[in-house]
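A closer look at the structure
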Amino acid sequence: MVLAGICSGKTGILPEIDDRVYTMADPISPSPVAPEAGVALNTPGSERADLRPENIQDAVIRLAGNSQDGIQTAGAFLARLAGRSDQDVMTYMTIPATISGGPSIFQVRIGSGEVLSAGDEADFLVAFYQHSYQDHIDFVREGGVVLYDSDNVEPNLDDKRFVYVGVPITGLTVEALGGTAKDKGKNIFVLGLITKIFSLDVEKLKKIITEKFAGKDESIVNTALMAFQAGYAYPVGKVLTHQYQFEHIPKKVGARAQITMDGNQALAYGLIAAGVRYGAGYPITPWSSVMETLRRELPKYGGIFVQAEDELGAVSLALGFSYSGYLAVTGSAGPGISLKTEAIGWASMAEIPLIICNIQRGGPSTGLPTNVEQSDLHQAIYGGHGDSPRVVLAAKTVEDCFYIAIEAARIARTYSTPVFILSDTSLATRIEAFDEPDLSKLMVDPKPDLSPRQSFKPYPVDAITQHIPPGTRILDGKYPLLSGLEHDEMGHPTGSPKLHMVMTAKRRNKLRKLAEEIPVPEIYGDDEGDVLLIGWGSTYGPIHDAAKQARDHGEKVGAIHLRHIHPLPNGIEKIFARFKRIVVVEMNDQGVYGFGQLAIILRARYCEPKIESFTKTDGLTFRVKEILDSVFKGRSFAARKIPRDGAATIHADTAPESVKSVREVVPQGVG
């Protein structure tokens, strides 16, 4: 079927992984050459030496321009090429929230070893406009290369920290494609240029470009290939004395092929593998692409996804699908989840299995529609009237988006309960490569069991609720009811105080039973020591990179990441006892009492005063340096062995008395 097709046909195999962090701090820096026409080139000095200039293992490439320039498309091409070329990859992007567009970036980190984060600093910046250069120059590592469009950018060549390479990108694209290409094709031209500089696989990239535009007019494909070829043919010898090539790590014998996709795609295909065939939703950023994928793919599996007239209609339709015996899905971002709240409470009372996806974004209200935040955790756990228990899971990587959908479906069916899957803007748009899932072992047959029952009691007080599909024959003729009212064991409405207490405990205790089967999270790094870092969701990579770098500098640090957030697995307190400090790192506000949302839950659950909180709400993903600077105040860490100047902006305390003035304005696309 289609899911199998998505996971096949790739030539990349996941390489053997080790735990080293590689650097291209020196290899990417070209030796001085005489400037050619249209080229401004400045080398920072003799403190850098060329080390294996033809063989690199790690690179962070940042494309900075406007959203209309198609830099996301070009960056995605690079990411998908990495996935097909035995390399690990992670991307990061920002897009403006306005319909008219604006400044935007796409950052790609490609490595021959394990890549856990998108990179704190760029080795290679492509600046399309003056604002692209000005907004992002401080994100380039010292000695890095700044490739700029000399038709639109005038860099400060007196800043000796970087290597400047000017190429008339706009003019050369127009020359290659004709006058109508003035504002189009620059992204593909730059893609060709990068392909030449980094010795990437030309034929694979051409195939990816052709696949992207398949089904469109043939002239579009030809124009894209012409732009790519023009960039690839540009004489880079005029601007750089070296071409770079990623070191190849031999693949393991029998290793599975790699696939490359973003988090929303992985979540959608995970739902399909989990046997979800029906759902309903309403468009909202950044959930919409999950919905679009399901609308396209579910009919191929005999299912359907409905775009409802509003959020309440969507969740109600999904509940109807689940009532029919087919586990269903609905989803949204925070504002839409608020509108679904009443119906989710109904699902808790009626004990109907349901999957609710919340692809989080900045809030409250419409907030930051295209920026990342983890501020919906309390909404997921507690959002609803009365005591309405539900399960909350959080994906940590793009690959985990696929597998957490399968876990959510298993729990929803086993415990007959609504299950939240929390993702966020970072995971939704990030592209990663991971091992192709073994679908033969994962695909779930969703066919409901309609076999006759002698008798049936849906709400037994001494067992977990399990509904039967409507139409199932009950031989004793006593058919159950289903209602949002409190009920007895057969589903008949009741106002009995005793029964309400019993049924409330029943709904609560099944989550306690679930907690008994959830595995305790593995500790990354030291099993005991000075600091334990705790995270959830998309902070997984930066936290683990921070733990590794701290350990490389002699710190005794461990890290755990929580996938099952409600209920929490039993036994975490035993891990806490082995560390002097516990720091919870999350992207939400520290709140009135000085703690982020997960930190509040952990402090309430374990009454552990060692738990500290490090939060931020700037709408950007964590940089490794931010975490290190906050957790180890006064210490200096060289991430990826690259010298760093200055301190990252950390919003650790934004109380009025602590903020005397706010001068910094963070432009869209900076991060």
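Cut-offs and rules
- Residues numbered from 1 in each chain as written.
- Predicted model: local features only at pLDDT ≥ 70, side-chain atom pairs only at ≥ 80, totals over all residues.
- Heavy atoms only, no water.
- Core = buried A, V, L, I, M, F, W, Y, C linked by side-chain atoms within 4.5 Å.
- Buried < 20%, exposed > 50% of the residue type's maximum accessible area, 1.4 Å probe, protein only.
- Helix = DSSP H or I, 4+ residues; strand = E, 2+ residues; numbered from the N terminus.
- Salt bridge = Lys/Arg side-chain N within 4 Å of Asp/Glu carboxyl O.
- Pairing = 2+ DSSP bridges.
- Axes fitted to C-alpha atoms, helices over the stretch in contact; angles between N-to-C directions.
- Right-handed = clockwise from strand over helix to strand, strands pointing away.
- Expected span 1.5 Å × (residues − 1).
- Polar contact = N/O pair within 3.5 Å; in protein donor to acceptor, adjacent residues only side chain to side chain.
- Contact = heavy atoms within 4.5 Å.
- pLDDT = per-residue confidence, 0-100.
- Parallel < 35°, antiparallel > 145°, perpendicular 65-115°, else oblique.
- Left-handed = near helix turned anticlockwise from the far one by under 90°.
- Nonpolar A, V, L, I, M, F, W, Y, C, P; charged D, E, K, R; others polar.

1. Overview of the nonpolar core
Counting residues in each nonpolar core, the largest one holds 54 residues, and the members touching the most others are F124, I194 and F198. Among the elements that make up this core, the one with the highest residue count is helix α2 (residues 71-83) (8 residues). Formed by 48 residues, the second largest nonpolar core is a distinct cluster that contains A274, A408, V419 and L514.

2. Description of the pattern of salt bridges
Counting across every chain of the model gives 27 salt bridges. One salt bridge in this structure joins R507 and E486, with 2.9 Å as the shortest N-O distance. Here R507, found in helix α16 (residues 497-517), pairs with E486, found in the loop between α15 (439-442) and α16; they are 21 residues apart in sequence, far enough to count as distant. A relative accessible area of 4% places R507 in the buried class. Classification of E486 as buried rests on a relative accessible area of 9%.

3. Observations concerning the sheet that holds strand β18 (residues 564-566)
Sheet architecture is open: 7 strands sit in the order β9-β8-β10-β11-β13-β12-β18, paired in mixed fashion. Where the open sheet ends on each side, the last strands, each with one partner, are β9 (304-307) and β18. Sheet twist, expressed as the mean angle between neighbouring strand axes with direction ignored, is 25°. Inspection of the sheet shows strand β11 (residues 354-360) paired to strand β13 (residues 418-424) by 7 bridges, in the parallel sense. Across the sheet, N358 pairs through a bridge with L422, a residue of β13.

4. Some words on the pairing of β11
Most of β11 sits out of view: 7 of its 7 residues are buried. Along β11, one buried face is formed by L354, I356, N358 and Q360 and the opposite face, lined by I355, C357 and I359, is buried too. Pairing geometry for strand β10 (residues 328-332) and β11, over 4 bridges, is parallel. Considered in β11, the bridge of S332 is made with N358. Handedness of the β10-helix α11 (residues 334-350)-β11 crossover: right-handed.

5. Some words on α2
Here α2 spans 18 Å end to end across 13 residues, near enough to the 18 Å set by a 1.5 Å rise per residue. Counting buried positions over the 13 residues of α2 gives 11, a clear majority of the element.

6. Here we look at helix α4 (residues 169-177)
Along α4, the residues classified as buried are I169, T170, L172, T173 and L177. Where α4 ends, the next residue or the one after it, G178, has phi of about 105°, a positive value.

7. Regarding the side chain of D58
Note on placement: D58 falls in strand β1 (residues 58-66). D58 gets classed as buried once you look at its relative accessible area, which sits at 3%. Of the polar contacts made by the side chain of D58, one reaches the side chain of R109; its length is 3.1 Å.

8. Brief notes about the environment of P335
Within the secondary structure layout, P335 lies in helix α11. Between the C-alpha atoms of P335 and S365, which are 30 residues apart in sequence, the distance is 6.2 Å. Sequence-distant contacts of P335, defined by excluding residues within four places in its chain, comprise I284, R361 and S365.

9. Some words on the sheet that holds strand β16 (residues 529-536)
Across the sheet, which stays open at both edges, the 5 strands sit in the order β15-β17-β16-β19-β20 with mixed pairing between neighbours. The open sheet has two free edges, formed respectively by β15 (524-525) and β20 (611-615), since each of these has just one partner strand. Relative to strand β17 (residues 557-562), β16 is paired through 6 bridges, and the arrangement is parallel. Within β17, the residue paired with G535 across the bridge is H561.

10. Points about the confidence of the model for the protein chain
For the protein chain, the mean per-residue pLDDT works out to 86, and 85% of the residues sit at or above 70. Throughout residues 4-53 the model reports pLDDT below 50, and contacts reaching past four residues in sequence, or to other chains, amount to 147 contacts. Under a pLDDT of 50 for its full length, residues 639-671 has, in the predicted model, 70 contacts with residues more than four places off or in other chains.

11. Some points on the side chain of R430
Structurally, R430 is set in the loop between α14 (425-429) and β14 (431-435). Residue class for R430 comes out buried when judged on its relative accessible area of 7%. A distance of 3.0 Å separates the side chain of R430 from the side chain of E432, its partner in a polar contact. With residues up to four places along the chain from it excluded, the contact list for R430 reads M90, T91, M261, D262, G263, K396, V398 and S538.

12. Some points on unusual backbone geometry
Along the chain, G363 connects to P364 via a cis peptide bond; the corresponding omega equals 0°. Mapped onto the secondary structure, P364 falls in the loop between β11 and α12 (377-382). A cis geometry characterises the amide bond from H566 onward to P567, with omega recorded as 0°. Non-glycine residue S416 carries a positive phi angle of around 45°. Among the residues examined, S416 registers a relative accessible area of 2% and is labelled buried. Despite not being glycine, C607 has its phi angle at roughly 50°, a positive value. Within the fold, C607 resides in the loop between α19 (597-606) and β20. Its relative accessible area of 65% is what places C607 among the exposed residues.

13. Topic: the pairing of strand β4 (residues 122-127)
With respect to burial, β4 is a largely interior element, 6 of its 6 residues being buried. Sheet topology places β4 next to strand β5 (residues 140-149); 5 bridges connect them, and they run parallel. The residue bridging L125 from the neighbouring strand is V146, located in β5. The parallel pair β4 and β5 is bridged by helix α3 (residues 130-136), and the resulting crossover is right-handed.

14. Observations regarding the packing of helix α17 (residues 540-552) against helix α20 (residues 624-631)
Packed helix pairs are specified by the crossing angle of their axes together with the interaxial distance, meaning the distance between the axes. Between α17 and α20, whose axes approach to 8 Å, the crossing angle comes to 55°. Judged on the interaxial angle alone, α20 and α17 are oblique. Handedness of the crossing formed by α17 with α20: right-handed. Contacts between α17 and α20 involve P542, I543, D545, A546, Q549 and A550 from the former and V624, I627 and L628 from the latter. Looking at the contact of α17 with α20 residue by residue, the class counts come to 7 nonpolar, 1 polar and 1 charged.

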